[in-house]
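Here is how the chains run, residue by residue.
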Amino acid sequence: MYGDADTTGTLFERMEMELLEVGPDRAVGRMPVKGNTQPTGLLHGGASVVLAETLGSLAAQAHAGPAKKTVGIEVSATHHRSAREGYVTGTATAIHLGRSTASYEIVITDDAGKRVCTARLTCMILTARP
């Protein structure tokens, strides 16, 4: 989806996300901690949620196919630890791939491989309008 899309001026670009892998069953991406922090220097929890929702949505779109569109309808996250530097990497793994919804667990880890956040996203699959 983002391979052909213009991400100029979008949250994807502003948070300096990188897409590493995308498919219906799994999507992987990363973003730097720098620039996505709270005033205290810790990775902002909202930034983790944005990464999680982006990866889950991309995987859901890959599952839905080009004739359909997907929208997130529910996201939740548990923050386990903080990150102060480097990158965080998210891996979205399919939990349910249906005709009208797709759900993913997204695990975000720091450069040491320690879990920073666990999120869950459900997307609704819509018929695209011309």
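The preceding data block contains the structure.
Just so you know, these numbers come straight off a predicted model, no measurement behind them. (Residues numbered from 1 in each chain as written. Predicted model: local features only at pLDDT ≥ 70, side-chain atom pairs only at ≥ 80, totals over all residues. Heavy atoms only, no water.)

Caption draft 1: Region of interest: the pattern of salt bridges. In the structure shown here, the tally under the stated rule is 3 salt bridges. For Arg 30, the salt bridge goes to Glu 18, with nearest N and O atoms at 3.3 Å. One end of the pair, Arg 30, is in strand 2 (residues 26-32); the other, Glu 18, is in strand 1 (residues 18-22), with 12 residues separating them in the sequence. Residue Glu 18 is classed as partly exposed on the basis of its relative accessible area, which comes to 31%. Close ionic contact of Glu 21 with Arg 26 constitutes a salt bridge, the shortest N to O distance being 2.9 Å. Residue class for Glu 21 comes out partly exposed when judged on its relative accessible area of 34%. (Salt bridge = Lys/Arg side-chain N within 4 Å of Asp/Glu carboxyl O. Helix = DSSP H or I, 4+ residues; strand = E, 2+ residues; numbered from the N terminus. Buried < 20%, exposed > 50% of the residue type's maximum accessible area, 1.4 Å probe, protein only.)

Caption draft 2: Main features of the pairing of strand 4 (residues 87-97). Judged from the 7 bridges that link them, strand 2 and strand 4 form a sheet pairing that is antiparallel. Of the residues in strand 4, the one forming a bridge with Met 31 is Val 88. Here strand 4 folds back onto strand 5 (residues 101-109) in antiparallel fashion, the turn holding 3 residues. (Pairing = 2+ DSSP bridges.)

Caption draft 3: Molecular detail of the packing of aromatic side chains. Inspection of the entire model under this criterion finds 0 aromatic pairs. Over the ring of Tyr 87 we find Arg 30, and its NZ or CZ is 3.6 Å from the ring centre. (Phe/Tyr/Trp six-rings, centres within 6.5 Å; stacked < 30°, edge-to-face > 60°. Lys NZ or Arg CZ within 6 Å of the ring centre and 35° of its normal.)

Caption draft 4: Looking closely at the pairing of strand 5. By the bridge criterion, 8 bridges tie strand 4 to strand 5 in an arrangement that is antiparallel. In the strand pairing of strand 5, Gly 90 is matched with Ile 108. Here strand 5 runs beside strand 6 (residues 115-127); their pairing, made up of 9 bridges, is antiparallel. Residue Ser 103 lies in a different strand from strand 6, and its bridge partner there is Thr 122. As consecutive antiparallel partners, strand 5 and strand 6 are separated by 5 residues, and within that stretch Gly 113 has a phi angle of approximately 85 degrees, a positive value.

Caption draft 5: Structural view of the nonpolar core. One finds Met 31, Leu 43, Leu 51, Val 88, Tyr 104, Ile 106 and Ile 108 to be the most contacted residues of the largest nonpolar core, which totals 27 residues. Top element by residues in this core is helix 2 (residues 45-64). It accounts for 7 residues. Among residues more than four places away in sequence, those in contact with Met 31 are Met 15, Glu 16, Met 17, Asn 36, Leu 43, Ala 47, Ser 48, Leu 51, Tyr 87 and Val 88. (Core = buried A, V, L, I, M, F, W, Y, C linked by side-chain atoms within 4.5 Å. Contact = heavy atoms within 4.5 Å.)

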